[in-house]
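# A look at the structure
Chain by chain, the residues run as shown.
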Amino acid sequence: MLEGLRYVAGSAEPVAWTQVFLLPRYADVFDEIRDEVLIYALIERRHGIVTRKVRQTITATTIDAPIAALLKVEPGSCGLSVLREYVGEGDEPYEVTWSVHPAGRYSYSMEVVL
């Protein structure tokens, strides 16, 4: 498991607190992580995984005190929780991330073409 804060370049305020969980057989990529590198891309490259889909659930939440302190917001303030599952062959998730974003520091847009 990896845990940390995410920042937008040039900003002093974190945009998210994130935890990353990997299947143990892929944990060796933690040694290669750099700021600009996506973890799923490292797993694909190192282990030959083909990502078939990403499941994402976004939920309104209040931010608990320990995470609020890291994000520099008031405990109990509003935010968004984003859970992502990166799925390979056989519908098996190989990476799961959980991020908490303070209100006003996350935007999600989607376009549905009919």
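Our structure's up above, just so we're on the same page.
An account of the accompanying structure is given in this report. As the structure is a computational prediction, the values presented were derived from the model and not from experiment. (Residues numbered from 1 in each chain as written. Predicted model: local features only at pLDDT ≥ 70, side-chain atom pairs only at ≥ 80, totals over all residues. Heavy atoms only, no water.)

## Concerning the overall build of the protein
Helix and strand counts for the protein stand at 2 helices and 5 strands. Listing every helix and strand of the protein by position from the N terminus yields β-β-α-β-α-β-β. Its C-alpha atoms give the protein principal-axis dimensions of about 40 × 40 × 25 Å. Here the protein, with 114 residues, has 30% of them falling under the buried criterion. In the protein, once contacts between residues fewer than 6 apart in sequence are set aside, the share between residues at least 24 apart is 50%. Surface summary for the protein: the accessible area is close to 7300 Å², and the carbon and sulfur share equals 55%. Mean positive and mean negative side-chain charge positions of the protein (11 and 16 charges, respectively) differ by 2 Å. (Helix = DSSP H or I, 4+ residues; strand = E, 2+ residues; numbered from the N terminus. Buried < 20%, exposed > 50% of the residue type's maximum accessible area, 1.4 Å probe, protein only. Contact = heavy atoms within 4.5 Å. Areas by Shrake-Rupley, 256 points an atom, 1.4 Å probe, with all protein chains shown as cover. Lys, Arg positive; Asp, Glu negative; His and termini not counted. Charge placed at Lys NZ, Arg CZ, Asp CG, Glu CD.)

## Brief notes about the side chain of Glu95
In this structure, Glu95 sits in strand E5 (residues 93-102). For the buried Glu95, no salt bridge is present, and the opposite-charge side chain at shortest range is Arg84, 8.2 Å distant. Within the local environment of Glu95, its side chain forms a polar contact with the backbone nitrogen of Tyr40, the two atoms lying 3.2 Å apart. Ignoring sequence-local partners within four residues, the contact set of Glu95 consists of Val20, Phe21, Leu22, Ile39, Tyr40, Ile43, Arg84, Glu85 and Tyr86. (Salt bridge = Lys/Arg side-chain N within 4 Å of Asp/Glu carboxyl O. Polar contact = N/O pair within 3.5 Å; in protein donor to acceptor, adjacent residues only side chain to side chain.)

## Topic: the pattern of salt bridges
Evaluation of the coordinates by the stated rule reveals 9 salt bridges. The residue Arg46 makes a salt bridge to Glu32 at a minimum N-O spacing of 2.4 Å. On the criterion of sequence distance, the pair formed by Arg46 in helix H1 (residues 39-47) and Glu32 in the loop between strand E2 (14-22) and H1 is long-range, its members being 14 residues apart.

## Some thoughts on the pairing of strand E4 (residues 78-87)
Walk down a regular strand and you will see the side chains alternate between the two sheet faces. Strand direction decides the pairing type here: strand E3 (residues 53-62) and E4, joined by 10 bridges, are antiparallel. Of the residues in E4, the one forming a bridge with Thr59 is Ser81. Examined bridge by bridge, E4 and E5 share 9 bridges and lie antiparallel to one another. Paired with Gly79 across the bridge in E5 is Pro102. (Pairing = 2+ DSSP bridges.)

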